[in-house]
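# Coordinate inspection notes
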Amino acid sequence: MMKINVCSETEIFHIHSEGVSTSFLDCINLLKKSKDIKVFANSEGIGDIMHCHTWGPYFFWRGLRYKGKRIYTAHVIPDTIKGSFPLWRFLMPFTKWYFKQIIKYADVCIAISPRVEQVVNELGTKTKVVRLDNPLVIERWKRTPELRKKGRELLGLNENDFCVLGVGQLQNRKGCSDFIEVGKGIPNAQFRWVGGRPFKFFNDGNFKIDHDVTNAPNNIKFAGVFNHEEMPCIYAAGDAFLFPSYQENCPLAPIEAAASGMPVIFRNSEEYKTLYQHHYYKADDNEQFITLINKLMYDKEEYKNGLKISEELITQFDSNEIRKKLIYIYKSMLNN
């Protein structure tokens, strides 16, 4: 039986409200479905292979036991700190250097998007790079009337409200202020943003976002952080999902929202053009976001089309297929 030690500093430091934490938990649950794999999380035990999802010092320390058997999933690239952390311009040279050390330390790097794969390959290290999408357990996010009712209670919504949902950390990169501006342009819809600040004062744009949130009109609410188990209810409460983020690699929130059964609107980003295999709604600016949301609100045929687009979008991330590919990576590493 193959033993896999899955690691992440998000669990060690109790950072549970961001995508890497979700990916770490999903990876564990995915592997537990395989009868021929035993899974250890962080320091629970020693495995044949270490698979780490974060790039902090813990990866180096824990990896000492796994020379030649280290896998690192690259969820972020140096550009991710733009709009995420204050003084990112001064941090960028060190971040690029440190990122290269992480990749060199790994024996296999899993790149979650074509953009991540490109950035890692440009480093010129000897580390083997493999492309693999984030897995989506589709059945977990299926909405039911019960989930929708509970989610609407949690978000303070009435039964007939049209709710535009946003999920992400409160930082400039995620487009929180744009979410508010779009909400101002559609006063007859309810806007709810779910997410917090896992890095506290080390989030870029804290003061501006606080000001914008405080002065937002009554149809826009920032609901804070909900635990992983409550998120199916939160997604089920939404009628449309707005994802105005400026930089992403393989974001989980929009495909979770799509799996929940609602149209998803992305910012028109170069990263998505190479990532997604199917069509998706996209907009260049707030005016186009407003136009698209109004179409979904008042045009039933457009809304049905949005649901079909979401159904197609998530097929790329089927967890069963991704689990097979991940296990193949493990077995190839052990055989070599």
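First, a word on scope: everything that follows refers to the structure included in this document.

### Focus on the overall build of the protein
A count of helices and strands for the protein gives 14 helices and twelve strands. For the protein, the C-alpha radius of gyration of 20 Å lies close to 20 Å, the compact-globule estimate for 336 residues. With the C-alpha coordinates aligned to their principal axes, the bounding extent of the protein is approximately 60 × 45 × 35 Å. When the accessible area of the protein is evaluated, it comes to approximately 15700 Å², of which 53% is carbon and sulfur surface. Side-chain charges in the protein split into 45 positive and 39 negative, and the spacing between the mean points of these groups amounts to 6 Å.

### Quick look at the packing of aromatic side chains
Per the stated rule, a full pass over the model turns up 25 aromatic pairs. A ring pair is formed by Phe179 and Phe222, whose centres lie 6.4 Å apart and whose planes are at 80°; its orientation type is edge-to-face. Residue Phe179 is located in helix 7 (residues 176-185), and its partner Phe222 is located in strand 9 (residues 220-224); the two are separated by 43 residues in the primary sequence. Phe179 gets classed as buried once you look at its relative accessible area, which sits at 0%.

### Describing the packing of helix 7 against helix 8 (residues 206-214)
The N-to-C vectors of helix 7 and helix 8 enclose an angle of 20°; their axes lie 9 Å apart at closest approach. Taken together, the axes of helix 7 and helix 8 lie roughly parallel to each other. Crossing of helix 7 over helix 8 shows left-handed handedness. Contacts from Cys176, Ser177 and Ile180 of helix 7 reach helix 8 at Lys208, Ile209, Asp212 and Val213. A class-by-class count of the residues in the contact of helix 7 with helix 8 yields four nonpolar, one polar and two charged.

### A short note on the sheet that holds strand 3 (residues 49-52)
With parallel pairing, the six strands of this open sheet are ordered in space as 2-1-3-4-5-6. In this open sheet, the two edge strands, each paired with only one partner strand, are strand 2 (37-41) and strand 6 (128-131). The average angle at which neighbouring strand axes cross in this sheet is 25°, direction not considered. The pairing of strand 1 (residues 2-7) with strand 3 spans four bridges and is parallel. Bridge pairing in strand 3 places Val6 opposite His51.

### Description of the pairing of strand 3
Burial along strand 3 is two-sided: the residues Ile49 and His51 and Met50 and Cys52 are all buried. Here strand 3 runs beside strand 4 (residues 70-74); their pairing, made up of three bridges, is parallel. Directly across from Met50, in strand 4, lies its bridge partner Arg70. Each parallel crossover has a hand, and for strand 3 linked through helix 3 (residues 57-63) to strand 4 it is right-handed.

### Some details on the pattern of salt bridges
On inspection of all chains with the given rule, the structure shows 13 salt bridges. Of the charged contacts, one joins Arg148 and Asp239 as a salt bridge, the two residues approaching to 2.8 Å between their closest N and O atoms. Separated by 91 residues along the polypeptide, Arg148 in helix 6 (residues 145-155) and Asp239 in the loop between helix 9 (231-236) and strand 10 (240-243) bring together distant segments of the chain. Given a relative accessible area of 22%, Arg148 falls into the partly exposed group. Using a relative accessible area of 11% as the deciding quantity, one classes Asp239 as buried. Note that Lys174 is salt-bridged to Glu248, the shortest N-O span being 2.7 Å. With Lys174 in the loop between strand 7 (163-167) and helix 7 and Glu248 in the loop between strand 10 and helix 10 (253-260), the pair connects residues that are 74 residues apart, well separated along the chain. For the pair Lys174 and Glu248, one class covers both residues: buried. Here the salt bridges do not stand alone but share partners, grouping Arg148, Arg152 and Asp239 into one network.

So, how was this worked out
Counting starts from 1 at the beginning of each chain's written sequence and moves along it residue by residue. Only residues with pLDDT of 70 or above have their local features reported here, since the model is predicted, and side-chain atom pairs are shown and tallied only from 80 upward, although totals for entire chains, interfaces and linings are computed over all residues. Side-chain metrics rest on all non-hydrogen atoms present in the structure, leaving aside hydrogens and water. Each helix is a run of H or I in the DSSP string that is no shorter than four residues. Each strand is a run of E no shorter than two, and both are numbered from the N terminus. What the globule rule says is 2.2 Å times the number of residues to the power 0.38, and the radius of gyration is computed from C-alpha atoms. Computed with the Shrake-Rupley method and a 1.4 Å probe, the accessible areas treat only the protein chains shown as cover for residues. The charge count treats Lys and Arg as positive and Asp and Glu as negative. His and the chain ends do not count. Think of each charge as sitting on NZ of Lys, CZ of Arg, CG of Asp or CD of Glu. Geometry of aromatic contacts follows a simple scheme: Phe, Tyr and Trp rings, the Trp one being its six-membered ring, pair when their centres are within 6.5 Å, and the pair is stacked under 30 degrees between planes, edge-to-face over 60, tilted otherwise. Type-normalised accessible area, obtained with a 1.4 Å probe on protein chains alone, sets the label of each residue: buried when under 20%, exposed when over 50%, and partly exposed for intermediate values. Axis definition: a line fitted to C-alpha atoms, limited for helices to the stretch in contact. Angles are taken between N-to-C directions and run from 0 to 180 degrees. Working definition: roughly parallel below 35 degrees, roughly antiparallel above 145 degrees, roughly perpendicular at 65 to 115 degrees, and oblique for all remaining angles. Helix crossings fall into two classes, left-handed where the near helix is turned counterclockwise from the far one by less than a right angle and right-handed where it is turned clockwise. Two residues qualify as a contact provided that any one of their heavy atoms is within 4.5 Å of a heavy atom in the partner residue. Each residue gets one of three labels, nonpolar for Ala, Val, Leu, Ile, Met, Phe, Trp, Tyr, Cys and Pro, charged for Asp, Glu, Lys and Arg, and polar for the others, Gly among them. Two strands pair if DSSP finds at least two bridges between them. Assignment of crossover handedness uses the view with strands pointing away from the viewer, where a clockwise path from the first strand over the helix to the second indicates a right-handed crossover. The salt bridge definition used is simple: a Lys or Arg side-chain nitrogen within 4 Å of an Asp or Glu carboxyl oxygen.

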